[in-house]
Amino acid sequence: YLDELVYIIGVVGINEMVQYHYGKQMHEDEGALRLAIRAMTEMGLYAKELSQKENMEISFSRTPAETTAQRFAVADLLEKEFREKARKVVKGDVERALSQINETRDLPVYYTNGTHVPPNADISLAERIKIEHIFFPIVDGGDIMHIFLGEGYPDPRGIKSLALKIARNTQTGYYAFTKDMTVCMDCSHVTMGLKEECEKCGSENLDYISRITGYLQAVSGWNEGKKQELLDRLRYGKDEVK
Ligand SMILES: [Zn+2]
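Residues numbered from 1 in each chain as written. Predicted model: local features only at pLDDT ≥ 70, side-chain atom pairs only at ≥ 80, totals over all residues. Heavy atoms only, no water.

Draft legend 1. Focus on the pattern of salt bridges. Under the definition given, this model contains eleven salt bridges. Two residues, Lys-227 and Glu-224, come together in a salt bridge whose shortest N-O distance is 3.4 Å. Here Glu-224 and Lys-227 lie together in helix α8 (residues 224-232), a separation of three residues that amounts to about one turn. The exposure class assigned to Lys-227 is partly exposed, which follows from its relative accessible area of 26%. For Glu-224, a relative accessible area of 23% translates into the label partly exposed. Note that Lys-226 is salt-bridged to Glu-229, the shortest N-O span being 2.9 Å. Residue Lys-226 and its partner Glu-229 are both found in helix α8; the two are separated by three residues, about one turn of the helix. (Salt bridge = Lys/Arg side-chain N within 4 Å of Asp/Glu carboxyl O. Helix = DSSP H or I, 4+ residues; strand = E, 2+ residues; numbered from the N terminus. Buried < 20%, exposed > 50% of the residue type's maximum accessible area, 1.4 Å probe, protein only.)

Written out as structure tokens, the structure reads:
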């Protein structure tokens, strides 16, 4: 059965790789985006070459990398040789991470997942989609486009219209709409959005539910890097979800 095994090469932090070498992020500069596409294409070809050479099925995919995105960022900040370089491009709360680095490795920093535009990039949803959809044909799978919603009760017609546009006009293979929820641990009331207290009983004993990579999960179980990403996410409202 080993012959049928598929090995996967995953990718994380393409945006930060480009930012370090080119000086701009994918959404900031056409040349930066081109470098990202070129690097991804070359890596896809290399995976094919390796497959033939080693007689193994090696696929180039975008893996969920829930822990890797944080782990790589923390590892680079820990290593003297890379610290100052990583510091310039790592996402999240780098100052807080550096102040806690001797106490824990669960730090609020991360590299941008896969080939995504960084969660906090201040660009329109249309621009975000226009960049992210380019990468779908390059990888063998695993890719997902996230649309983080800013409204608790978005207009279903807007969601439908946007879903159809993505499906018809882009190369996106897999996309997900996500809205955040606040769950009261005392009275079980659920409120849309990330709140600081329960709107029903006023309790501050809360948990949150949002999408981490592929699935909705309780935020209390997330690592600090993913929690920081949740705070950093740019969310889109009715002016863009249409
Ligand atoms: Zn409550």
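Read on for the rest.
Draft legend 2. Geometry of the coordination of the zinc ion. Coordination of the zinc ion by the protein comes from Cys-184 (SG), Cys-187 (SG), Cys-198 (SG) and Cys-201 (SG), over a distance range of 2.3 Å. Metal-centred angles of 105 to 115 degrees between the four donor atoms at the zinc ion mark the site as tetrahedral. Sequence positions of the residues that donate to the zinc ion give the spacing C-x2-C-x10-C-x2-C. You can see Cys-184 sitting in strand β7 (residues 181-184) and its partner Cys-201 sitting in the loop between β8 (190-192) and β9 (206-211), a full 17 residues away along the chain. The exposure class of Cys-184 is buried, given its relative accessible area of 2%. (Donors = N, O, S within 2.8 Å, 3.2 Å for Na, K, Ca; no water. Tetrahedral: all angles 85-135°; square planar, octahedral: opposite > 155°, others 65-115°.)

Draft legend 3. Spatial organisation of the environment of Glu-30. Mapped onto the elements, Glu-30 comes out in helix α2 (residues 30-54). Of the residues examined, Glu-30 reaches a relative accessible area of 54% and is grouped as exposed. Separated by 101 residues in the primary sequence, Glu-30 and Ile-131 have C-alpha atoms spaced 10.0 Å apart.

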